[in-house]
Amino acid sequence: QVQLVESGGGLVQPGGSLTLSCAASGSIFARKTVAWYRQAPGKEREMVAEFTSGGNRNYADSVKGRFILFKDNAENTVYLQIHSLKPEDTAVYYCNSNPPNLRAWGQGTQVTVSS
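Computed from a predicted model, the values in this text were never measured in an experiment.

Asks: I'm lost on the pairing of strand 8 (residues 77-82) in this one. Help?
Replies: Side-chain positions along a regular strand alternate between the two faces of the sheet. Burial analysis of strand 8 places five of its six residues in the buried class, which makes it a mostly covered element. Relative to strand 8, strand 3 (residues 18-25) is paired through six bridges, and the arrangement is antiparallel. For L20, the partnering residue across the bridge sits in strand 8 and is L80.

Rendered as structure tokens:
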């Protein structure tokens, strides 16, 4: 059974930084594109960053230059470094494959940006 566990969120002031972690059990990330998604209150879930199976990193325009995606294959963990946080980054952040495995969504980790 695939399990995804996100962590690292918190309350941060604008301009601050966080590093989110996604630990995966099972082979959900094997030879697949891995992505971070977020869902803000009242909005649909959106993809913000992906690590393709070919090793490329792609970012949504809204986070480009501020979010950095990297992974540790040995530990089957994916990380998302977030810099220069803005209030509009407030959301629950999730990881999953892309396209997502609908049965694998974790609880996510809450990021709140507020002064």
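Asks: Looking at this model, I keep getting lost on the layout of surface pockets. Mind explaining?
Replies: The probe, sized like a water molecule, is rolled over the atoms to show the empty space still left. The volume enclosed by the largest pocket comes to roughly 160 Å³. Forming the boundary of the largest pocket are 10 residues, of which V2, Q3, R103, A104 and W105 lie nearest the centre. Partitioned by chemical class, the residues of the lining of the largest pocket number four nonpolar, five polar and one charged.

Asks: I tried to follow the pattern of salt bridges on my own but got confused; where do I start?
Replies: A side chain with one charge can pair with a side chain of the opposite charge if their charged atoms come near. The tally for this structure, following the rule as stated, stands at four salt bridges. One salt bridge connects D61 with K64, and the closest N-O pair in it is separated by 3.1 Å. Judged by relative accessible area, which is 52%, K64 ranks as exposed. Three or more residues are tied together by salt bridges with common partners; here these are R38, E46, R66 and D89.

Conventions and cut-offs
Residues numbered from 1 in each chain as written. Predicted model: local features only at pLDDT ≥ 70, side-chain atom pairs only at ≥ 80, totals over all residues. Heavy atoms only, no water. Buried < 20%, exposed > 50% of the residue type's maximum accessible area, 1.4 Å probe, protein only. Helix = DSSP H or I, 4+ residues; strand = E, 2+ residues; numbered from the N terminus. Pairing = 2+ DSSP bridges. 1 Å grid on protein atoms, 1.4 Å probe; cavity = no way out; pocket = protein on both sides within 12 Å on 5 of 7 lines; lining within 4 Å. Points joined across faces, edges and corners; volume = space filled by probe spheres on them. Nonpolar A, V, L, I, M, F, W, Y, C, P; charged D, E, K, R; others polar. Salt bridge = Lys/Arg side-chain N within 4 Å of Asp/Glu carboxyl O.

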